[in-house]
Amino acid sequence: MIAAQIFAGWIFTAGLAQAAEVQIPKEGHAFNPRFSHDGSRLAFELNTYEGGIDLYVVDLSQGHPTASARKISLPMAGSSFSTGNTVAAAPTWHPSGMLIFEGTDGRGVSRLYFWNNTGGQGQRMFQDTEIAGDLS
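Residues numbered from 1 in each chain as written. Predicted model: local features only at pLDDT ≥ 70, side-chain atom pairs only at ≥ 80, totals over all residues. Heavy atoms only, no water.

### Focus on the overall build of the protein
On a plain count of helices and strands, the protein comes out with 0 helices and 12 strands. Classification of the 136 residues of the protein by burial places 36% in the buried group. Summing over all exposed atoms, the protein offers an accessible surface of approximately 7,300 Å²; the carbon and sulfur share of this is 53%. (Helix = DSSP H or I, 4+ residues; strand = E, 2+ residues; numbered from the N terminus. Buried < 20%, exposed > 50% of the residue type's maximum accessible area, 1.4 Å probe, protein only. Areas by Shrake-Rupley, 256 points an atom, 1.4 Å probe, with all protein chains shown as cover.)

### A few points about the environment of Ala67
By the element assignment, Ala67 lies in the loop between strand E7 (64–65) and strand E8 (70–72). Sequence spacing of Ala67 and Val22 is 45 residues, and the spatial spacing of their C-alpha atoms is 9.3 Å. Ignoring sequence-local partners within four residues, the contact set of Ala67 consists of Val58 and Asp59. (Contact = heavy atoms within 4.5 Å.)

### With respect to the nonpolar core
Ala43, Leu55, Val57, Ile72, Leu74, Ala88, Trp93, Leu99, Phe101, Tyr113 and Trp115 together form the largest nonpolar core, which totals 11 residues. Looking at this core, the elements with two or more residues in it are strand E6 (53–61), strand E9 (87–93), strand E10 (99–104) and strand E11 (111–115). (Core = buried A, V, L, I, M, F, W, Y, C linked by side-chain atoms within 4.5 Å.)

### Here we look at unusual backbone geometry
Even without being a glycine, Asn32 presents a positive backbone phi close to 60°. Here Asn32 shows up in strand E4 (residues 29–35). With a phi close to 55°, Ala90 is a non-glycine residue in the positive phi region. Structurally, the position occupied by Ala90 is in strand E9. When its relative accessible area of 40% is taken as the criterion, Ala90 is described as partly exposed.

### Describing the environment of Arg34
Along the polypeptide, Arg34 turns up in strand E4. Sequence spacing of Arg34 and Ala90 is 56 residues, and the spatial spacing of their C-alpha atoms is 9.1 Å. What Arg34 contacts, discounting residues up to four positions off in sequence, is Arg41, Leu42, Ala43, Pro91 and Trp93.

### Notes on the pairing of E9
The pairing of E9 with E10 spans 5 bridges and is classified as antiparallel. Residue pairing for E10: Thr92 is matched across the bridge by Ile100. The loop that links E9 with its antiparallel partner E10 comprises 5 residues; one of these, Gly97, has a positive phi angle of about 105°. (Pairing = 2+ DSSP bridges.)

### Thoughts on the pattern of salt bridges
Pairing is possible between side chains that carry opposite charge, provided their charged atoms lie close to one another. Here the structure, examined in full by the defined rule, presents 3 salt bridges. Between Lys71 and Asp54 there is a salt bridge; the shortest N-O distance is 3.6 Å. Here Lys71, found in strand E8, pairs with Asp54, found in strand E6; they are 17 residues apart in sequence, far enough to count as distant. A relative accessible area of 43% means that Lys71 is categorised as partly exposed. For the salt bridge of Asp59 with Arg70, the shortest nitrogen-to-oxygen distance reads 3.1 Å. Of this pair, Asp59 sits in strand E6 while Arg70 sits in strand E8, and the two are 11 residues apart along the sequence. Under the relative-accessibility criterion, Asp59 is labelled partly exposed at 21%. Take Arg70: its relative accessible area is 24%, and that puts it in the partly exposed class. One connected set of salt bridges, linked through shared partners, spans Lys26, Asp54 and Lys71. (Salt bridge = Lys/Arg side-chain N within 4 Å of Asp/Glu carboxyl O.)

These values are about where atoms sit, not about what they do.
Structure (structure tokens):
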């Protein structure tokens, strides 16, 4: 079994009597680590101290990082239509490998998003025309 502990800006993963560090990609407080079902990826939230929460994923092999953590961005985040900081939080892994999480792109409305380890941004699970309003 692989476990995670967050301490002083680092995430420590432990498995098979070994420990490894996942370097936090920028200044902030990391929390809410979640391993994928197969243990090949770790998702975690990063409170940026700027009012937003970013979501990161790092690839693992036997509990050790194989690459730098990458930020999962949201559609419209940082665009001229966005009015504030983004939040991408509460990650959970579907058994198929899809990451499902809650997010807001700065407009103040929470929606459900998914990400498929394809390197792109998170995508809305439901459009406003399908299910309107805040889905937090």
